[in-house]
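Inside the fold
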Amino acid sequence: MTAPPEKAFPVSWDQFHRDCRALTWRLNEVGPFHAIIAITRGGLVPAAIVARELGIRIIDTVCIASYDHTRQGDLNVLKGVSTEVAKLGGGSGKGLLIVDDLVDTGKTGRLVRSMMPDAHFAAVYAKPQGKPLVDTFITEVSQDTWIHFPWDTALSFQPPIRP
Ligand SMILES: O=P(O)(O)OC[C@H]1O[C@H](OP(=O)(O)OP(=O)(O)O)[C@H](O)[C@@H]1O
Ligand SMILES: [Mg+2]
(Lines give C-alpha, C1' and ligand atoms only; values in the text may rest on other atoms or scores of the structure.)
(Ligands and ions follow the chains in the order given, each with its own letter.)
Protein backbone atom coordinates (compact mmCIF):
# COMPACT_ATOMS: atom_id res chain seq x y z
CA MET A 1 0.00 0.00 0.00
CA THR A 2 1.40 3.45 -0.89
CA ALA A 3 1.90 5.96 1.92
CA PRO A 4 -0.55 8.88 2.11
CA PRO A 5 0.90 12.18 0.72
CA GLU A 6 3.04 14.07 3.26
CA LYS A 7 2.55 17.65 2.17
CA ALA A 8 -0.65 19.63 1.96
CA PHE A 9 -1.52 22.17 -0.72
CA PRO A 10 -4.73 23.92 0.34
CA VAL A 11 -6.56 25.82 -2.40
CA SER A 12 -9.12 28.55 -1.62
CA TRP A 13 -12.14 29.29 -3.83
CA ASP A 14 -10.49 32.52 -4.90
CA GLN A 15 -7.24 30.79 -5.84
CA PHE A 16 -9.11 28.07 -7.67
CA HIS A 17 -11.12 30.60 -9.67
CA ARG A 18 -7.92 32.48 -10.62
CA ASP A 19 -6.18 29.24 -11.63
CA CYS A 20 -9.17 28.21 -13.77
CA ARG A 21 -9.13 31.61 -15.46
CA ALA A 22 -5.40 31.26 -16.13
CA LEU A 23 -6.07 27.80 -17.59
CA THR A 24 -8.73 29.29 -19.85
CA TRP A 25 -6.36 31.95 -21.20
CA ARG A 26 -4.14 29.11 -22.39
CA LEU A 27 -7.03 27.07 -23.77
CA ASN A 28 -8.26 30.08 -25.70
CA GLU A 29 -5.05 29.87 -27.76
CA VAL A 30 -5.75 26.22 -28.61
CA GLY A 31 -9.51 26.11 -29.35
CA PRO A 32 -12.18 26.64 -30.52
CA PHE A 33 -13.84 23.59 -29.02
CA HIS A 34 -17.22 22.09 -29.92
CA ALA A 35 -17.97 20.95 -26.37
CA ILE A 36 -16.51 20.41 -22.91
CA ILE A 37 -16.42 17.06 -21.16
CA ALA A 38 -16.04 17.28 -17.39
CA ILE A 39 -14.57 14.31 -15.56
CA THR A 40 -16.79 14.11 -12.52
CA ARG A 41 -16.93 15.04 -9.95
CA GLY A 42 -13.76 17.15 -9.59
CA GLY A 43 -13.89 18.39 -13.18
CA LEU A 44 -17.37 19.91 -12.79
CA VAL A 45 -16.22 23.12 -11.09
CA PRO A 46 -13.36 23.98 -13.48
CA ALA A 47 -15.55 22.95 -16.44
CA ALA A 48 -18.21 25.48 -15.42
CA ILE A 49 -15.63 28.28 -15.16
CA VAL A 50 -13.89 27.39 -18.44
CA ALA A 51 -17.26 27.06 -20.23
CA ARG A 52 -18.30 30.50 -19.03
CA GLU A 53 -15.06 32.12 -20.17
CA LEU A 54 -14.99 30.40 -23.58
CA GLY A 55 -18.73 30.75 -24.26
CA ILE A 56 -19.20 26.99 -24.58
CA ARG A 57 -22.73 25.76 -23.85
CA ILE A 58 -22.46 22.07 -24.66
CA ILE A 59 -21.15 20.29 -21.59
CA ASP A 60 -21.08 16.56 -21.05
CA THR A 61 -19.66 14.34 -18.32
CA VAL A 62 -17.60 11.20 -18.04
CA CYS A 63 -18.26 9.85 -14.57
CA ILE A 64 -15.30 8.04 -13.03
CA ALA A 65 -14.55 7.19 -9.41
CA SER A 66 -11.41 5.64 -7.98
CA TYR A 67 -10.30 7.33 -4.74
CA ASP A 68 -11.57 6.49 -1.27
CA HIS A 69 -10.19 9.62 0.39
CA THR A 70 -6.42 9.43 -0.39
CA ARG A 71 -6.32 5.74 -1.45
CA GLN A 72 -6.85 4.85 -5.10
CA GLY A 73 -8.71 1.69 -5.97
CA ASP A 74 -9.88 0.33 -9.33
CA LEU A 75 -11.22 2.87 -11.82
CA ASN A 76 -14.96 2.67 -12.08
CA VAL A 77 -16.57 4.21 -15.19
CA LEU A 78 -20.12 5.01 -14.11
CA LYS A 79 -21.07 6.90 -17.30
CA GLY A 80 -19.37 7.47 -20.65
CA VAL A 81 -19.69 10.38 -23.07
CA SER A 82 -23.10 10.83 -24.73
CA THR A 83 -23.66 9.77 -28.36
CA GLU A 84 -24.40 13.40 -29.42
CA VAL A 85 -21.13 14.75 -28.02
CA ALA A 86 -19.11 11.76 -29.26
CA LYS A 87 -20.47 12.58 -32.75
CA LEU A 88 -19.29 16.20 -32.43
CA GLY A 89 -15.80 14.81 -31.87
CA GLY A 90 -16.04 12.59 -34.97
CA GLY A 91 -15.59 9.46 -32.85
CA SER A 92 -11.97 10.30 -31.91
CA GLY A 93 -12.70 13.34 -29.73
CA LYS A 94 -11.23 15.88 -32.15
CA GLY A 95 -12.30 19.41 -31.17
CA LEU A 96 -13.52 18.31 -27.74
CA LEU A 97 -12.11 19.67 -24.49
CA ILE A 98 -11.78 17.33 -21.51
CA VAL A 99 -11.49 19.11 -18.14
CA ASP A 100 -10.48 17.77 -14.73
CA ASP A 101 -9.36 19.38 -11.49
CA LEU A 102 -6.06 17.49 -11.40
CA VAL A 103 -3.98 14.62 -12.68
CA ASP A 104 -2.22 12.59 -10.01
CA THR A 105 -1.03 9.10 -11.06
CA GLY A 106 -2.52 9.76 -14.51
CA LYS A 107 -4.72 6.62 -14.38
CA THR A 108 -7.96 8.54 -14.84
CA GLY A 109 -6.46 10.66 -17.62
CA ARG A 110 -5.13 7.59 -19.44
CA LEU A 111 -8.54 5.96 -19.39
CA VAL A 112 -10.33 9.07 -20.68
CA ARG A 113 -7.69 9.59 -23.36
CA SER A 114 -8.23 6.03 -24.56
CA MET A 115 -11.91 6.89 -25.05
CA MET A 116 -11.16 10.15 -26.97
CA PRO A 117 -7.54 10.08 -28.23
CA ASP A 118 -7.77 13.32 -30.25
CA ALA A 119 -9.46 15.43 -27.57
CA HIS A 120 -7.58 18.20 -25.77
CA PHE A 121 -7.10 17.30 -22.11
CA ALA A 122 -6.79 20.13 -19.56
CA ALA A 123 -6.35 19.95 -15.80
CA VAL A 124 -5.85 22.79 -13.36
CA TYR A 125 -3.15 21.01 -11.33
CA ALA A 126 -0.70 18.26 -12.26
CA LYS A 127 1.61 15.95 -10.35
CA PRO A 128 4.72 14.57 -12.12
CA GLN A 129 3.28 11.10 -12.84
CA GLY A 130 0.15 12.53 -14.43
CA LYS A 131 1.77 15.45 -16.27
CA PRO A 132 2.54 13.55 -19.51
CA LEU A 133 -1.18 12.79 -19.86
CA VAL A 134 -2.37 16.41 -20.00
CA ASP A 135 -2.07 18.87 -22.87
CA THR A 136 -2.58 21.96 -20.71
CA PHE A 137 -2.32 22.57 -16.96
CA ILE A 138 -1.50 25.54 -14.71
CA THR A 139 0.35 24.50 -11.56
CA GLU A 140 2.54 21.48 -10.83
CA VAL A 141 2.83 20.09 -7.30
CA SER A 142 5.09 17.27 -6.13
CA GLN A 143 3.86 13.69 -6.10
CA ASP A 144 3.92 13.54 -2.29
CA THR A 145 1.55 16.53 -2.01
CA TRP A 146 -2.20 16.26 -1.46
CA ILE A 147 -4.24 19.06 -2.98
CA HIS A 148 -7.12 20.15 -0.74
CA PHE A 149 -9.91 21.61 -2.83
CA PRO A 150 -12.24 24.27 -1.42
CA TRP A 151 -15.34 22.04 -1.83
CA ASP A 152 -13.71 19.41 0.43
CA THR A 153 -12.52 21.73 3.18
CA ALA A 154 -13.58 24.33 5.77
CA LEU A 155 -11.75 26.93 7.84
CA SER A 156 -10.41 25.48 11.07
CA PHE A 157 -7.91 26.31 13.81
CA GLN A 158 -4.31 25.35 13.05
CA PRO A 159 -1.83 24.88 15.91
CA PRO A 160 1.29 27.11 15.56
CA ILE A 161 4.32 25.54 13.86
CA ARG A 162 6.33 26.06 17.10
CA PRO A 163 4.21 24.74 19.99
O1 LIG B 1 -4.55 10.84 -11.90
P2 LIG B 1 -5.31 9.96 -10.97
O3 LIG B 1 -4.42 9.29 -9.94
O4 LIG B 1 -6.20 8.96 -11.66
O5 LIG B 1 -6.23 10.89 -10.06
C6 LIG B 1 -6.92 12.01 -10.54
C7 LIG B 1 -8.40 11.85 -10.38
O8 LIG B 1 -8.72 11.58 -9.01
C9 LIG B 1 -9.71 12.48 -8.55
O10 LIG B 1 -11.01 12.00 -8.81
P11 LIG B 1 -11.73 10.87 -7.90
O12 LIG B 1 -11.58 9.55 -8.59
O13 LIG B 1 -11.24 10.97 -6.50
O14 LIG B 1 -13.25 11.27 -7.96
P15 LIG B 1 -13.95 12.69 -7.70
O16 LIG B 1 -13.55 13.58 -8.85
O17 LIG B 1 -15.40 12.37 -7.70
O18 LIG B 1 -13.45 13.23 -6.38
C19 LIG B 1 -9.47 13.73 -9.37
O20 LIG B 1 -10.63 14.53 -9.45
C21 LIG B 1 -9.08 13.16 -10.73
O22 LIG B 1 -10.23 12.91 -11.52
MG1 LIG C 1 -12.08 13.21 -10.35
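Residues numbered from 1 in each chain as written. Chains lettered and ligands numbered in written order. Predicted model: local features only at pLDDT ≥ 70, side-chain atom pairs only at ≥ 80, totals over all residues. Heavy atoms only, no water.

Looking at an unreviewed UniProt entry, the protein chain carries the name Xanthine-guanine phosphoribosyltransferase, with the source organism given as Bradyrhizobium algeriense. UniProt annotates the protein chain under Cofactor (unreviewed entry) with the comment "Mg(2+)". (UniProt positions renumbered as here; feature names shortened; annotations may be inferred.)

For the rest of this paragraph, the subject is the nonpolar core. If you look at the biggest cluster of nonpolar residues, it comprises 23 residues, and the most contacted ones within it are Phe 16, Leu 23, Leu 27, Ile 36, Leu 97, Tyr 125 and Ile 147. Secondary-structure elements contributing two or more residues to this core are α1 (13–30), β2 (35–40), α2 (44–54), β5 (96–103) and β6 (120–126). Ile 39, Val 85, Val 112 and Ala 123 belong to the second-largest nonpolar core, a separate cluster that totals 16 residues. (Core = buried A, V, L, I, M, F, W, Y, C linked by side-chain atoms within 4.5 Å. Buried < 20%, exposed > 50% of the residue type's maximum accessible area, 1.4 Å probe, protein only. Helix = DSSP H or I, 4+ residues; strand = E, 2+ residues; numbered from the N terminus.)

Attention shifts here to α2. Because the α-helix completes a turn every 3.6 residues, residues three or four places apart line up on one side. Here α2 has its buried residues at Pro 46, Ala 47, Ile 49, Val 50 and Ala 51. Check the buried side of α2 and you find it contacts α1, β2, β3 (59–68), β5 and β6. (Contact = heavy atoms within 4.5 Å.)

This paragraph deals with the side chain of Asp 104. Note on placement: Asp 104 falls in the loop between β5 and α4 (107–115). A distance of 3.0 Å separates the side chain of Asp 104 from the side chain of Gln 143, its partner in a polar contact. For Asp 104, the contacting residues outside a window of four places in its chain are Tyr 67, Lys 127, Gln 129, Gly 130, Gln 143 and Trp 146. (Polar contact = N/O pair within 3.5 Å; in protein donor to acceptor, adjacent residues only side chain to side chain.)

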